[in-house]
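Architecture and fold: a report
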Amino acid sequence: MTIYAISLRTIQKGHWIPRERRSRGQEPFNSRCLKMHSEMKKVYDEVIARDPNQPEFHQSVEEVLQSLGPVIDAHPDYLPAVKSVVEPERIIQFRVPWYDDEGNFHVNRGFRIQMNGAIGPYKGGLRFHPSVNQSILKFLAFEQVFKNSLTGLPLGGGKGGSDFNPKGRTESEVRRFCQSFMMELWRHIGANLDVPAGDIGVGRREVGFLFGMYRKLANEFTGVLTGKGLSYGGSLIRPEATGYGTVYFAREMLSTQNKSFEGAKVAVSGSGNVAQFAVEKVIDLGGKPVTLSDSSGFIHDSDGIDREKLAWVMDLKNVRRGRIKEYAEHFGCDYTETKPEPNLNGLWGTDVDIALPCATQNEINGEEAQMLVENGCIAVAEGANMPCTPEAVECFHENGLLFAPGKASNAGGVATSGLEMSQNSLRLNWTREEVDRRLEEIMVNIHRNAVDTASKYGMEGNYVAGANIAGFLKVAEAMEAQGHI
Ligand code: NDP
Ligand code: 2IT
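Let me begin by describing the structure that accompanies this report. (Residues numbered from 1 in each chain as written. Chains lettered and ligands numbered in written order. Predicted model: local features only at pLDDT ≥ 70, side-chain atom pairs only at ≥ 80, totals over all residues. Heavy atoms only, no water.)

Let's talk about helix α8 (residues 238–255)
Convention followed: Going along the chain from the N terminus, every DSSP run of H or I of four or more residues is numbered as a helix, and every run of E of two or more is numbered as a strand. An expected span of 1.5 Å times one less than the residue number is assigned to each helix. What the bend at a residue measures is the angle between two axes, fitted to the seven residues ending there and to the seven starting there. Classification of residues uses two cut-offs on accessible area relative to the type maximum, computed with a 1.4 Å probe and protein chains only: under 20% is buried, over 50% is exposed, and between them is partly exposed.
Between its first and last C-alpha, α8 extends 25 Å over 18 residues, near the 26 Å set by a 1.5 Å rise per residue. At Tyr 244, α8 shows its largest kink, close to 30 degrees. Most of α8 is tucked away, with 15 of its 18 residues classed as buried.

Printed below as a string of structure tokens:
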């Protein structure tokens, strides 16, 4: 089956020519957003000089600094906040020793980046993945600062994790690892200090093991982690929140052009927490999800992934911990193995109206973005953190697609973590409807804030600039008021 509307070989040779800017009833963005203000450039150069080997961190910093030029022109007093916000308040790195089931000894590395606590306790997930290093966690922590600010809740930014690879590990190995990880981390976190949650490789099971060990060591029961199970302080809708929130945001974005999910073909990548509930909400809104992936490959089900198939995927991924390839075998659709970079990921060559990348950073490059454009995709909303490279984002902007950056569109997860913290403090549990209503309201507000802020600073329709500026302003004001400590 051919799923590419343009020749992959042409793209691989780099021969593609960007199509003419499409007319979507709006003016192109002010080109100021693509250049870097001279003061921002100085900050950026210093970031690179300090840590030259942190490409993911540089990428996330560059994107934000590119947006902040007009802010510094309007508020030169915020320059110290810019200089501070790129430097973590604190980085904790520690050894995580553990034994596997055969009695072999392993040592992994654990981290917690406490990036910025100006507007609330540090808040952000823990990632367990072999790729984890300081660059990746600093980029995630940096994104989290602006994302958490956008939620409107009192949440500072942080991120942590380990280079531990949970794949193929038994439950008892994962439990021992989590306990050893928390044996060190517990002294650095607290319900009013730093509240971790899940991310890649850390779901409800791992949060449970981590919480149990924290409770034992600290000898207290507090809301020190979010994403907890319902029987010990978790919130309804937290598992659904990131995926649902991403789709709520995309719905708002589409509505600005009188479009909707109704009847739309949707490409979703990943098949973990975010992807699963993005698919569910797309189905709720009348759309047709047609793809899912994992790090081995992707499925393309042109009949659409319906509720029954989604329930099967949830069992496959959350209970049996199998591979997405099994979906194709079970339901009889196409499966394509993903070759390691620099090959193009054919998932983005599927003919879709909307794309929701929900797996990991840099999963859509410029050429893959062009494949989406050529196939007539009209909107991209990031469920993952920074899944689109700068070239991809530029391609979407150049071609007039609606593009939602993750720090705005995937903020529903941490927002609902904030709601879990509130419920823990109140010692109350809100209903599913109540939490979902608040989540939806927060996503609508983030969308409105990003749109209004972009317009105010002369970059109509640019959600990247709108989110970066709106997220920064609240943090900068708090940092300035507190004397830039
Ligand atoms: P999960 O671990 O539940 O799922 C991750 C999915 O992405 C899996 O299907 C995984 O495949 C795939 N994946 C991970 N790494 C890679 C890779 N290097 N190449 C290809 N595929 C990969 O994580 P989440 O769903 O929680 O997180 C997904 C993204 O969403 C991340 O970017 C995360 O930071 C972001 N996010 C998560 C939030 C949350 O609340 N969980 C909140 C906001 C953002 P495999 O199993 O083969 O590794
Ligand atoms: O990237 C993210 O926003 C998350 N992994 C969720 C963080 C949280 O604290 O809920």
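Thoughts on the nonpolar core
Quick note on the threshold: The set of buried Ala, Val, Leu, Ile, Met, Phe, Trp, Tyr and Cys residues whose side-chain atoms join them within 4.5 Å is what this entry labels a nonpolar core. Any two residues whose heavy atoms approach within 4.5 Å are treated as being in contact.
Counting residues in each nonpolar core, the largest one holds 60 residues, and the members touching the most others are Leu 292 and Leu 356. It is α8 that provides the largest number of residues to this core, a total of eight residues. Excluding residues within four positions of it along the chain, Leu 292 makes contact with Val 268, Gly 270, Ser 271, Ala 275, Val 279, Gly 297, Phe 298, Ile 299, Ile 305, Val 313, Ile 324 and Leu 347.

Some words on the site of ligand 2
The cut-off we apply is this: One heavy atom suffices: a residue is near a molecule or strand as soon as one of its heavy atoms comes within 4 Å of it. Under this definition, polar contacts are N or O atom pairs within 3.5 Å; protein pairs additionally need one hydrogen-donor-capable and one acceptor-capable atom, and for neighbouring residues in sequence, both atoms have to be side-chain atoms. To measure how exposed things are, a 1.4 Å probe is used in the Shrake-Rupley method; for residues, cover is taken only from the protein chains shown. Classification used: nonpolar for Ala, Val, Leu, Ile, Met, Phe, Trp, Tyr, Cys and Pro, charged for Asp, Glu, Lys and Arg, polar for all others including Gly.
Every one of the 14 residues lining ligand 2 counts as a neighbour, but Lys 123, Lys 147, Lys 159, Asp 199 and Ser 417 are closest to it. Here an oxygen atom of ligand 2 sits 2.9 Å away from a polar atom, N or O, in the side chain of Lys 159. With respect to ligand 2, the side chain of Arg 238 contributes an N or O atom lying 3.0 Å from an oxygen atom. About the coverage of ligand 2: the protein hides 94% of its 300 Å² of free accessible area. For the shell around ligand 2, the per-class residue count stands at two nonpolar, seven polar and five charged.

Things to note about the packing of aromatic side chains
Put simply, the rule is: Think of it this way: a Phe, Tyr or Trp ring, Trp meaning its six-membered ring, pairs with another when their centres are within 6.5 Å, and the plane angle makes it stacked under 30 degrees, edge-to-face over 60, tilted otherwise. Lysine NZ or arginine CZ positioned within 6 Å of the ring centre and within 35 degrees of the ring normal marks a charge as sitting over the ring.
Counted by the stated rule, this structure contains 21 aromatic pairs. Ring centres of Tyr 99 and Phe 105 lie 5.1 Å apart, and the angle between their planes is 50 degrees; this geometry places the pair in the tilted category. The exposure class assigned to Tyr 99 is partly exposed, which follows from its relative accessible area of 47%. Ring geometry for Phe 128 and Phe 164: centres 6.0 Å apart, planes at 85 degrees, overall edge-to-face. One end of the pair, Phe 128, is in strand β3 (residues 122–128); the other, Phe 164, is in the loop between β4 (157–162) and α6 (171–185), with 36 residues separating them in the sequence. Owing to a relative accessible area of 1%, Phe 128 belongs among the buried residues under this scheme. Taken together through their ring pairs, the aromatic side chains of Phe 94, Trp 98, Phe 128, Phe 164, Phe 177 and Phe 181 make up a single cluster. Above the plane of the ring of Tyr 244 lies Lys 281, whose end atom (NZ or CZ) is 4.3 Å from the centre. A cation sits over an aromatic face here: Lys 309 above Phe 331, 5.8 Å from the ring centre.

Focus: the sheet that holds strand β2 (residues 105–116)
The cut-off we apply is this: Following DSSP output, two strands are said to pair if at least two bridges run between them. Helix axes use the C-alpha atoms of the stretch in contact, all axes being lines fitted to C-alpha atoms, and the angles between their N-to-C directions lie in the range 0 to 180 degrees.
Taken together, the five strands give an open sheet; going across it, the order is β1-β2-β4-β3-β5, and neighbouring strands pair in mixed fashion. Among the strands making up the open sheet, the edge pair consists of β1 (90–99) and β5 (194–197). Strand after strand, the sheet turns through a mean of 20 degrees between neighbouring axes, direction not considered. One ladder, built from 10 bridges, connects β1 with β2; its direction is antiparallel. Paired with Ile 91 across the two strands is Ile 113, which belongs to β2.

Concerning the pattern of salt bridges
Filter applied, for reference: Salt bridges are counted wherever a side-chain nitrogen of Lys or Arg sits within 4 Å of a carboxyl oxygen of Asp or Glu.
The full count for this structure, using the stated rule, is 31 salt bridges. Taking the shortest distance from any N to any O, the salt bridge between Glu 173 and Arg 169 comes out at 3.4 Å. By relative accessible area, which is 3% here, Glu 173 ends up buried. Glu 420 is the partner of Lys 228 in a salt bridge, and the nearest nitrogen-oxygen pair spans 2.8 Å. Placement of the pair is Lys 228 in the loop between α7 (204–218) and α8 and Glu 420 in helix α15 (residues 412–426), with a sequence separation of 192 residues. Each member of the pair, Lys 228 together with Glu 420, is buried. What you see here is one network of salt bridges that share partners, running through Glu 434, Arg 437, Arg 438 and Glu 441.

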